[in-house]
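As a plain string of letters, each chain reads:
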Amino acid sequence: MVFKTYRWPVLFLLVSSSLGVAHEASALPDSSIARPAQQFGWPFAGNPGPNTWMLGQGYGNTTGAFNRRRSDYGAGQGIHFGVDISARCGTPVLAIADGRVTEVDGPHGSAPHNLTLLHAGNLSSLYGHLLERSSLKVGQRVGRGQMVGKSGDSQFTCTSAPHLHLEIRDASHRRFFNPVLYIKADWDTLSLVGGFGRGFARDLEQPRRWQNLQDQPQARRGGALLNNYSNPWPPPPGSSVTLPPVGSYKLPFVQGTEALENPPPAPRIRGIQKLTSDGCCANPAFLPGAQSVYFLDKPSAKSKTGFYSVNVFAPKTPSYLGPLGFLSSDATKVSWPRETSSTVEVLATRERFSLPTKGANPIWSPSGKLAAWTVSSQSGNFDGRKLEVYVSGQDGKARKIATRYGGGFAGWLDEETVLLSGKRAAKDALRVLESLNFRTGGTKTLTKAQNFRSLSVAPGGKYMVYTVAFDIKERNGLFLASTAGGTPRALSTFGSVRWRNSDRLLMIPLDLNVKSHRVLELDAETGKSRELVNLGHKVTLDDWSVSGQGEHMVFRSGGDLNVYALELPE
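For clarity, every value in this text was computed on a predicted model and none was experimentally measured. (Residues numbered from 1 in each chain as written. Predicted model: local features only at pLDDT ≥ 70, side-chain atom pairs only at ≥ 80, totals over all residues. Heavy atoms only, no water.)

Colleague: Give a description of the state of the cysteines that names residues and reports values.
Modeller: Where two cysteines share a covalent bond between their sulfur atoms, that bond is called a disulfide. In this structure the tally under the stated criterion is two disulfides. Note that Cys-280 is cross-linked by a disulfide to Cys-281, the S-S spacing being 1.6 Å. Every disulfide takes its handedness from the sign of the S-S torsion; for Cys-280 and Cys-281 that torsion is -75°, giving left-handed. Given a relative accessible area of 3%, Cys-281 falls into the buried group. Counting only the cysteines that form disulfides, in the order they appear in the protein chain, gives the pairing 1-2, 3-4. (Disulfide = S-S within 2.5 Å. Buried < 20%, exposed > 50% of the residue type's maximum accessible area, 1.4 Å probe, protein only.)

Colleague: Any details on the nonpolar core? Residues and values, ideally.
Modeller: Taken as a class, soluble globular proteins show a tendency for nonpolar side chains to be buried jointly. Grouped together as the largest cluster of nonpolar side chains are 36 residues, with contacts concentrated most on Trp-42, Leu-115 and Tyr-127. Secondary structure elements with two or more residues in this core: β1 (53–55), β2 (83–87), β4 (99–104), β5 (113–119), β6 (123–130), β10 (162–170), α4 (179–182) and α5 (187–190). Leu-115 has contacts with Val-101, Glu-103, Val-104, Ser-125, Leu-126, Tyr-127, Leu-130, Ser-134, Leu-136 and Val-148, leaving out every residue within four places of it along the chain. Formed by 33 residues, the second largest nonpolar core is a distinct cluster that contains Val-193, Tyr-463, Leu-491 and Leu-566. (Core = buried A, V, L, I, M, F, W, Y, C linked by side-chain atoms within 4.5 Å. Helix = DSSP H or I, 4+ residues; strand = E, 2+ residues; numbered from the N terminus. Contact = heavy atoms within 4.5 Å.)

Colleague: An account of the sheet that holds strand β36 (residues 504–509) is needed here, citing residue identities and associated values.
Modeller: The strand order across the open sheet built from four strands is β35-β36-β37-β38, with neighbouring strands paired in antiparallel fashion. Looking along the sheet, the strands with just one partner apiece sit at the ends: β35 (495–499) and β38 (529–534). Direction aside, neighbouring strands of the sheet carry axes that sit 30° apart on average. (Pairing = 2+ DSSP bridges. Axes fitted to C-alpha atoms, helices over the stretch in contact; angles between N-to-C directions.)

Colleague: Explain the pairing of strand β32 (residues 463–468) to me, and be specific about the residues and the numbers.
Modeller: Every regular strand shows the same layout, with side chains that alternate between the two sheet faces. A large share of β32 lies buried, amounting to six of its six residues. Judged by which residues are buried, β32 turns out to be covered on both faces: Tyr-463, Val-465 and Thr-467 on one side and Met-464, Tyr-466 and Val-468 on the other are all buried. For strand β31 (residues 453–457) and β32, the ladder comprises three bridges, and the chain directions are antiparallel. The partner of Arg-453 across the bridge, within β32, is Thr-467. Counting the residues in the hairpin turn of β31 and β32 gives five residues, including Gly-460, whose phi is positive at 95°. Two elements, β32 and strand β33 (residues 477–482), share six bridges in a ladder whose sense is antiparallel. Looking at β33, one finds that Thr-467 is bridged to Leu-478.

Colleague: Any details on the pattern of salt bridges? Residues and values, ideally.
Modeller: Scanning all chains against the criterion turns up 24 salt bridges. Among the salt bridges present, the one from Asp-186 reaches Lys-538, with a minimum N-O distance of 3.2 Å. A residue pair is termed long-range when its members are at least 10 positions apart, and Asp-186 in the loop between α4 and α5 and Lys-538 in the loop between β38 and β39 (539–546) qualify at 352 residues. For the pair shown, Asp-186 and Lys-538 are each scored as buried. (Salt bridge = Lys/Arg side-chain N within 4 Å of Asp/Glu carboxyl O.)

Colleague: Which residues make up the sheet that holds strand β22 (residues 342–346), and what values do they have?
Modeller: Reading across from one edge, β20-β21-β22-β23 is the order of the four strands in this open sheet, with antiparallel pairing throughout. With one partner strand each, in any of the chains shown, β20 (326–327) and β23 (351–355) form the two edges of the open sheet. Across five bridges, the pairing between strand β21 (residues 333–337) and β22 is antiparallel. Residue pairing across strands places Trp-336 opposite Thr-343, the latter belonging to β22.

Colleague: Describe in detail the packing of aromatic side chains, supporting the description with residues and values.
Modeller: Enumeration over the complete set of coordinates arrives at 18 aromatic pairs. Aromatic side chains Phe-44 and Trp-53 sit 6.5 Å apart centroid to centroid with 20° between the ring planes, which places their arrangement in the stacked category. Accessibility classification places Phe-44 together with Trp-53 in one group, the buried group. Over the ring of Trp-210 we find Arg-209, and its NZ or CZ is 3.9 Å from the ring centre. (Phe/Tyr/Trp six-rings, centres within 6.5 Å; stacked < 30°, edge-to-face > 60°. Lys NZ or Arg CZ within 6 Å of the ring centre and 35° of its normal.)

Set out below in structure tokens:
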């Protein structure tokens, strides 16, 4: 592509063209479009956080777009052809560059209101899901950082999905470009928190393709689907995965139970250990015993697609472990969704059984003897969708324990107590976070808010952490709470969190424009915090995890997209 500078008289001629001509015109050639050089600004003022704005759904081949590739996103070849930024309704939306207004409530959807601007270099920006019709007029010139509208909600409620949908297009409105390449922002840090639909769908023939913020494909209006995969992962709702033969998994998966009961002494990692060398692999996690990290991969055209592992302490070429499935958190069970059920295999015994999950993924209790899952309706806005929570043993005799709206199962506290979120009635104003003893039917309300995000229960079930955003100021923030009740504690630092053990919480702060991310530790008992380590890298897409005993951490670097591991200080 060749960068060209365009003067405003030329732009005005383009603006003056009829809307019909603009949308029926051929896509502009690369030679007439400005190269991506992060030349644009951010559409909101201030720093991100639960009171302001946070990155929501990224551009590209997201799982949400894949599941609706033939409907909502068919016009953009099946990908999410913009970026979503969550913000409270009414938040001022700013022009990302100097430009002129080309459309106010034009023919693009993005209801309830939208606006498009034309910029130098034949680039156009669209601001969708605005709360009200913009007061700007077609042909009016605006400056970078000028307010052009107010953010709204695609669900028309201002509580279901308040966000701005931002697109970058060519001036013909026929091509859609990745905003990550055009907008100057700390994308790795922004992707740590707030995401919805953040993961990317995979083509299991090419599972490494389009798994990063930067490499998402350009799309053309009305073109053929880019992501019409015959073998996708994760499986779309209602689909069935072909079951592999019994006993398809190799060690160390089948030794998971023994490793948990008798963990060996943890070896030492000197510094930060690089585990991969070719930009692979997303979603790394520890196997039991913290000796190895596993991930989904297909290293070469001739390789199998499946789970691979690499030794944390002596990294070599990753080895194949077995076919894909949904692994339990302790890696002792794997499940595969079916149209009306899930098939589960206990890896150590090779025993299989079926659970009537209607395709939902079962979440196992601390002992691994019980599974819970949520079945969601597929209609209605996000706030009011009906969700039914079920519990079952390995005998497959499921019991419905709760019905909620806009929430569902949130975690196990012990073998007979679960954490639930959601509205008890569809028209309620606030969601409730509560514990439920499904043996006795007893409930305990822990807190209420419009919405709960990033909810996580500590091992042992004594503590939980959660985020509330874009609610009233008193309810917004990152909170640590006892599951026994009491007033939740608002944390002074905001960021991405993981539990290290039953009472220690790890956090990567949402600090913009730092050279590398740091990891903090918070003691849930005392409230004291300390900095554990500076990673020397930025974690991308919130892709990090902690070993089961809390000694080690693994993450994916936004710099070279490789996987790294380190020992966490005591």
